[in-house]
Amino acid sequence: MNGWTQEFSRMLHRRAAGDRGASARGLRQASLPAAPLPEAKKPGAAGGIRALSSGSLRSAGREGPGPWDAPAGGAALRSGPPPPRGDSGGGDGSGRAAMTGARPGAAEQRRAGARGGAAAAGGMSGARGAGRALAALLLAASVLSAALLAPGGAPERGAESARPRDKKRHVELKMDQALLLIHNELLRTNLTVYWNSERCYHCLFQVLVNVSQSRRAGEPSIAAVGVSAQHGSILQLKATKEEKEVCRLEYKFGEFGNYSLLVKHVQDGVDRIACDVVVNEDPVDSNLPVTVAFLIGLALVIAVCFLRFLLSLDDFNNWISKAINSRETDRLINSELGSPSRADALGGDSQLEAWGPAAVPQRLRCVDTFRGIALIIMVFVNYGGGKYWYFKHSSWNGLTVADLVFPWFVFIMGSSIFLSMTSTLQRGCSKFRLLGKIVWRSFLLISLGIVVVNPNYCLGPLSWDKLRIPGVLQRLGVTYFVVAVLELLFAKPVPGSGASERRCSSLRDILSSWPQWLFILLLESIWLGLTFFLPVPGCPTGYLGPGGIGDLGRYPNCTGGAAGYIDRLLLGEDHLYQHPSSAVLYHTEVAYDPEGILGTINSIVMAFLGVQAGRILLYYKDQTKAILLRFTAWSCFLGLTSVALTKVSENEGSIPINKNLWSISYVTTLSSFAFFILLVLYPTVDVKGLWTGTPFFYPGMNSILVYVGHEVFESYFPFQWKLGDDQSHREHLTQNIVATALWVLIAYILYKKKIFWKI
């Protein structure tokens, strides 16, 4: 009996061990590789577990799905990278085999061998095409992975018990804020703390918090307040009753840091009041996700370039072909099809071209690549740019990343106008017919901007009383119309190669367009005259400031000077942009539109400088050195003009760089950058062929579709979803990179399908 009992017990133990092993194997097969959840040491307010390391997850306290969460009723939570396209867990057996790790059957192996043989027989063209697609996908995946893994979001806020807060009141910190505890040890002195940003030029101080007096020595009165961590802060402390300044200090706070400002009497021979900042808890590095994303993306770009270099080597390609092909496939190829030599494999395309008709002149890829670069950055910053201040428009004077892209898009539009119009006229199209196309295209751009891409469309389809009239596409439509008609009126045949021997040939790209230059100079004179000499009621003549609390609050309703006044007078305040960037720092209360009427003049100037770049590319198309010299000269000339206008200062120049005003210094600076970018792209992409422009080339070929699409579908999944923590830079950055990468992928698919939306 005892023996039977022992045997039965051993059997039960074996069965239990087998069940545990099967469960463990099933868990390993069903889960994706991810970092383990950290041990919960300090539960937060919602009882959730906060991630303490990169790549970890928050398993509770979340209100919405993360970027890789399954939909309702779907599979388990995914914490790693997205699964491959074939591993969706659908109805076919290949998906299940990939998920469970099962080995393929003999039939599948034979099919794979056949596919490998066919791929090898395809030659180098298929490998290079796959390499370009792989490069684009790897680049998008790398930046996304970096954003997901970098510890820059929820971990910086921590659990509630770890967050700095006052004993009496709870201060919930928002993004780009730090906690400041003000300790007032002064007896019988109430304090008022004023705050100002170092980026706010000549601004009034704003009341931050009031701190009551200390009741007894050694027991300070404490007030807690959140302060901005984006830029340096200027703090001014005054005695509330006497309005006498106690002290003033400048300090750069870090995001989610905990600081104490100690205000007390100090006896060091002279009775004085000291104000010292003490760091209670170190801030987080909120820029770490951007840094890591950039570094990983750069590393993968280098890896892809190295892979392309290997694919260009004959020995490496032969080794790859031998590794892919089976012996049976080699035998069939050698016996029935013949063994192609290396020279035949590499020279097949050139022989076909030699026997075929003359090739049509190729499209300049550098132009489409430049357009794609500007467009993709524009999409990224429009989606939020991770909520970083340098991916938002500058409040008034100065430049950020977001301020670069729209002028570049206008510049490259000007280049495309000249190249396209010249080609169309050479094909025999009449000027009258081309004028009709220009009018129709301008009308469509303006209509799309007003009806489709309008920030006030959510008020209803008939909300004409609040409809914003200016806008990005409206500005593009008007600029395109003026520049295209100007070039059409004075269009001349492109001089041949023999013209290079004529007198003043080095300036023929400028001298041949002297009527257009006179018109542009006249337009710029109008801008200067209206900006600096138009009387504006209640404002100084020639005012270029933001109004609001700027200029010590003397001109609160003078935002933009003449530019804002003309828009409000002709269009009405209700039809302008109601949330200008100047409201962030300068607390302006009047409507101001950065795409207003007066600024359109300088956007026309910007586009015409782009026309000049296109004219250089076409007039000297067989002279690479001449093109590069002219790009260099224009970049230096415009750069020196900007230096003279701005005095290399953000606010002290005669005409500061200002995107809201589209000042002439803004145009010259961005045009200088644009010529420099073409100086780099043209030899790299079109002359030497060192880079194909991937992945920016694809959205550059479908720019209108990508722009309109990203505006219309901005609030729809998968371009936006509910974040687990809306005060996390990391989560916002992840969402914005995913949305931008999706539009690159869409543009790539449309390019492969030969679908282009042209208006």
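Residues numbered from 1 in each chain as written. Predicted model: local features only at pLDDT ≥ 70, side-chain atom pairs only at ≥ 80, totals over all residues. Heavy atoms only, no water.

**Student:** Sorry, what's going on with the overall build of the protein chain here?
**Tutor:** When helices and strands are counted, the protein chain shows 22 helices and 8 strands. When burial is assessed residue by residue, the protein chain has 44% of its 759 residues classed as buried. Taking contacts inside the protein chain between residues at least 6 apart in sequence as the whole, the part at least 24 apart equals 72%. Entry remark: accessible area of the protein chain is about 40200 Å², with carbon and sulfur atoms responsible for 61%. (Helix = DSSP H or I, 4+ residues; strand = E, 2+ residues; numbered from the N terminus. Buried < 20%, exposed > 50% of the residue type's maximum accessible area, 1.4 Å probe, protein only. Contact = heavy atoms within 4.5 Å. Areas by Shrake-Rupley, 256 points an atom, 1.4 Å probe, with all protein chains shown as cover.)

**Student:** Would you mind showing me how to read unusual backbone geometry here?
**Tutor:** What is expected of a backbone is that most residues other than glycine have negative phi and most peptide bonds are trans. For the peptide bond that leads from T694 to P695, omega is 0°, which places it in the cis range. Its place among the elements puts P695 in the loop between α19 (664-687) and α20 (697-701). Each neighbour pair has its own omega, and for F717 with P718 the value is 10°, a cis peptide bond. Along the chain, P718 falls in the loop between α21 (703-712) and α22 (729-752). In this structure, K387 is a non-glycine residue whose phi angle is positive, near 65°. Summarising the element assignment, K387 is placed in the loop between α9 (365-382) and α10 (402-426). With a phi close to 60°, L552 is a non-glycine residue in the positive phi region. Position of L552 relative to the elements: it lies in the loop between α14 (514-533) and α15 (562-570).

**Student:** Whenever I open this one, the packing of aromatic side chains confuses me. Can you help?
**Tutor:** Centre-to-centre distance and the angle between the planes together describe a pair of aromatic rings. Within this structure, the stated rule accounts for 30 aromatic pairs. Measuring from ring centre to ring centre gives 4.9 Å for F253 and Y259, while their planes differ by 80°; the resulting arrangement is edge-to-face. For the pair F253 and Y259, a shared accessibility class is recorded, and that class is buried. Seen in terms of ring centroids, F406 and W662 are 5.6 Å apart; in terms of plane orientation they differ by 80°. Their pairing is edge-to-face. Of this pair, F406 sits in helix α10 while W662 is found in the loop between α18 (624-646) and α19, placing the two residues 256 residues apart along the sequence. Aromatic rings pair up to connect F411, W517, F608, F631, W634, F637 and F675 into one cluster. Lying across the ring of F697, R365 places its NZ or CZ 3.7 Å from the centre. In this arrangement the basic side chain of R475 is found over the ring face of W662, its NZ or CZ atom lying 5.2 Å from the centre. (Phe/Tyr/Trp six-rings, centres within 6.5 Å; stacked < 30°, edge-to-face > 60°. Lys NZ or Arg CZ within 6 Å of the ring centre and 35° of its normal.)

**Student:** Looking at this model, I keep getting lost on the sheet that holds strand β4 (residues 221-228). Mind explaining?
**Tutor:** Backbone-to-backbone hydrogen bonds join strands into a sheet, with any given pair of strands oriented parallel or antiparallel. Spatially, the 4 strands line up as an open sheet ordered β4-β1-β7-β8, and their pairing is mixed. The sheet terminates laterally at β4 and β8 (271-281), the two strands that pair on one side only. Within the sheet, the average angular offset between the axes of one strand and its neighbour, ignoring direction, is 25°. (Pairing = 2+ DSSP bridges. Axes fitted to C-alpha atoms, helices over the stretch in contact; angles between N-to-C directions.)

**Student:** Looking at this model, I keep getting lost on the nonpolar core. Mind explaining?
**Tutor:** Formed by 99 residues in total, the largest nonpolar core has its most connected members in F370, W408, F411, I438, L473, F631 and L678. Every residue in contact with F370, bar those within four places of it in the chain, is listed here: W408, F411, I412, A674, I677, L678 and L681. Counting residues in each nonpolar core, the second largest holds 23 residues, with V193, V211, C247 and C275 among its members. (Core = buried A, V, L, I, M, F, W, Y, C linked by side-chain atoms within 4.5 Å.)

**Student:** Would you mind showing me how to read empty space enclosed by the protein here?
**Tutor:** Any space left empty among the atoms is revealed by the rolling of a water-sized probe across them. Across all of its chains, the model carries 3 cavities of 30 Å³ or more by this definition. The volume enclosed by the largest cavity comes to roughly 50 Å³. For the largest cavity, the full set of lining residues is R475, A563, D567, Y592, D593, P594, G596, I597, L598, G599, N660 and L661. Listing elements by their share of the lining of the largest cavity, those giving two or more residues are α15 and α17 (597-619). Among the elements that take part in the lining of the largest cavity, α17 stands out by supplying 3 residues, more than any other. (1 Å grid on protein atoms, 1.4 Å probe; cavity = no way out; pocket = protein on both sides within 12 Å on 5 of 7 lines; lining within 4 Å. Points joined across faces, edges and corners; volume = space filled by probe spheres on them.)

**Student:** What should I look at first to understand α19 in this one?
**Tutor:** In an α-helix, one turn spans 3.6 residues; hence positions three or four apart end up facing the same way. For α19, built from 24 residues, the straight-helix expectation of 34 Å at 1.5 Å per residue is met to within 8% by its first-to-last C-alpha distance of 33 Å. Once α19 finishes, G689 follows within two positions and takes phi at roughly 70°, a positive value. (Expected span 1.5 Å × (residues − 1).)

**Student:** Before we go on, may I ask you to explain the state of the cysteines in this structure?
**Tutor:** By definition, a disulfide is the covalent link that joins the sulfur atoms of two cysteine residues. One pass over the structure, following the stated rule, counts 3 disulfides. Residue C247 pairs covalently with C275 via a disulfide, S to S 1.9 Å. With the S-S bond torsion at -90°, the cross-link from C247 to C275 turns out left-handed. Placement of the pair is C247 in strand β6 (residues 244-251) and C275 in strand β8, with a sequence separation of 28 residues. If you count the bonded cysteines of the protein chain from the N-terminus, they pair up as 1-2, 3-4, 5-6. (Disulfide = S-S within 2.5 Å.)

**Student:** Which parts of the structure should I look at to understand the sheet that holds strand β2 (residues 191-197)?
**Tutor:** Taken in spatial order, the 4 strands line up as β3-β2-β5-β6 in an open sheet, and their pairing is antiparallel. Edge positions in the open sheet fall to β3 (206-211) and β6, since each of these has one partner strand only. Averaged over neighbouring strand pairs, the angle between their axes works out to 20° when direction is ignored. Across 5 bridges, the pairing between β2 and β3 is antiparallel. Across the sheet, residue T192 finds its bridge partner in β3, namely N210.

**Student:** Just checking my understanding: could you explain the side chain of S581 for this structure?
**Tutor:** Within the element layout of this structure, S581 appears in the loop between α15 and α16 (582-585). Within the local environment of S581, its side chain forms a polar contact with the backbone oxygen of S394, the two atoms lying 3.0 Å apart. For S581, the contacting residues outside a window of four places in its chain are H393, S394, S395 and N660. (Polar contact = N/O pair within 3.5 Å; in protein donor to acceptor, adjacent residues only side chain to side chain.)

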